[in-house]
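One-letter residues, chain by chain:
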Amino acid sequence: MKKRKLSEYKSFMGGNLFVLILISFLSPLCGQENLIINGGFENGLSGWSSFWSRTPNAGSVEIVSDLYHSGGHAAFIEHHDPQDWSFAVNKRY
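The structure presented is a predicted model; accordingly, all values stated were derived computationally and were not measured.

A. Region of the structure containing the side chain of Ser53. If you trace the backbone, Ser53 turns up in strand E1 (residues 52-53). Look at Ser53 and you get buried, because its relative accessible area is 13%. When sequence neighbours within four positions are dropped, the list of residues in contact with Ser53 reads Ala58, His79, Asp84 and Trp85.

Put into structure tokens, the structure is as follows:
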């Protein structure tokens, strides 16, 4: 059996460790289904509950296409009252 130098061992382990870390970070991104139906609001408010506010007419939800994170749409929530409000996905997990 050939003896390896310590520098060869460190180089080998460092490269494999990098690949292992890379795979562990990327694997959750591959092959998972989207848990939020219509999370990008591409189908309007389909799959989402109605906006609710403790104070009637204190806010609203509007689908916009000029300001978004990814995709082409986002939900713009406007609320102007100190009372609580709610806007959520219809599906429970």
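Next, the rest of the story.
B. Representation of the pattern of salt bridges in the model. In total, this model carries one salt bridge according to the counting rule given. The salt bridge partner of Asp84 is Arg54, with a shortest N-O separation of 2.7 Å. Taken together, the positions of Asp84 in the loop between strand E3 (74-79) and strand E4 (85-86) and Arg54 in the loop between E1 and strand E2 (59-64) put the pair 30 residues apart, joining distant regions of the chain.

C. Examining the environment of Trp52 more closely. Looking at the secondary structure, you find Trp52 in strand E1. Apart from residues no more than four positions distant in its own chain, Trp52 is found in contact with Asp84, Trp85 and Ser86.

Calculation notes
Residues numbered from 1 in each chain as written. Predicted model: local features only at pLDDT ≥ 70, side-chain atom pairs only at ≥ 80, totals over all residues. Heavy atoms only, no water. Helix = DSSP H or I, 4+ residues; strand = E, 2+ residues; numbered from the N terminus. Buried < 20%, exposed > 50% of the residue type's maximum accessible area, 1.4 Å probe, protein only. Contact = heavy atoms within 4.5 Å. Salt bridge = Lys/Arg side-chain N within 4 Å of Asp/Glu carboxyl O.

Shape is all these values report; function is a separate question.
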